[in-house]
Amino acid sequence: FSGLLTQEVLLALLELQDELAGIRVWAAGEGRNVTLQDVCYAPLNPAAPGVGDCAVSSVTQYFQNNRSRLALTAWQQDSKPQGTVDWHDHLIYCVNSPLSFKDITALELSCMAEYGGP
């Protein structure tokens with residue numbers, strides 16, 4: 001990976017996404033505040049979407065927008081060479097197999113997004 005894609009950059013992206021997801025805008029025509037849930041595409045929960053139901057396309061979705069999953073490491077014993085796997089390995093796997101419910105690393109993380117889709 002180059003210096004452009006680091007764990008710190010992904011964490012900053014998660015922070016930005018959280019800020020954007022929390023924005024409320026007054027809609028005079030509606031007479032109320034409008035939020036992301038009011039305007040997002042939520043294919044698996046269209047009737048009453050929460051922020052996590054919105055289909056947001058982002059590299060952080062490979063970690064379900066979860067900081068703890070992004071920080072995980074694990075010892076990989078069944079590969080050559082053996083060693084520690086982390087977010088790099090999970091990201092590479094998911095880019096190649098985005099529909100996977102469990103990667104083949106020792107992390108065993110899903111590639112599916114927080115909202116449940118690819």
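About the thresholds
For every chain, the first residue of the written sequence is number 1, and numbering continues from 1 onward in sequence order. At least 70 in pLDDT is required for a residue's local features to be given in this predicted model, at least 80 for side-chain atom pairs to be given and counted, and no such filter applies to totals for whole chains, interfaces and linings, which use all residues. Side-chain measures were taken over the full set of non-hydrogen atoms in the model, leaving aside hydrogen atoms and water. Exposure classes here rest on a 1.4 Å probe applied to the protein chains alone. A residue is buried below 20% of its type maximum, exposed above 50%, and partly exposed in between. Strands are runs of DSSP state E lasting at least two residues, helices are runs of H or I lasting at least four, and both sets are numbered from the N terminus onward. Here, two cysteine sulfur atoms that lie within 2.5 Å of each other are counted as a disulfide.

If you check an unreviewed UniProt entry, the chain appears there as NPCL1 protein from Prunella fulvescens.

Asks: Would you take a moment to explain unusual backbone geometry for this structure?
Replies: Residues apart from glycine generally show negative phi values, whereas peptide bonds are mostly found in trans. Its identity as a non-glycine residue notwithstanding, Asn-65 has a phi of 55 degrees, on the positive side. The exposure class of Asn-65 is buried, given its relative accessible area of 17%. One non-glycine residue, Glu-108, lies in the positive phi region at around 55 degrees. Take Glu-108: it is sitting in the segment after helix H4 (87–96). Given a relative accessible area of 48%, Glu-108 falls into the partly exposed group.

Asks: I tried to follow the state of the cysteines on my own but got confused; where do I start?
Replies: One way to say it: the disulfide is the covalent bond shared by the sulfur atoms of two cysteines. The tally for this structure, following the rule as stated, stands at two disulfides. Each sulfur in the disulfide pair Cys-40 and Cys-54 lies 2.1 Å from the other. Its torsion about the S-S bond being -70 degrees, the disulfide of Cys-40 and Cys-54 is classed as left-handed. Of this pair, Cys-40 sits in the loop between helix H2 (36–39) and helix H3 (67–71) while Cys-54 sits in the loop between H2 and H3, and the two are 14 residues apart along the sequence. Cys-54 matches Cys-40 in its accessibility class, with the two residues each being buried. There is a disulfide in this structure between Cys-94 and Cys-111, and the S-S distance comes to 2.1 Å.

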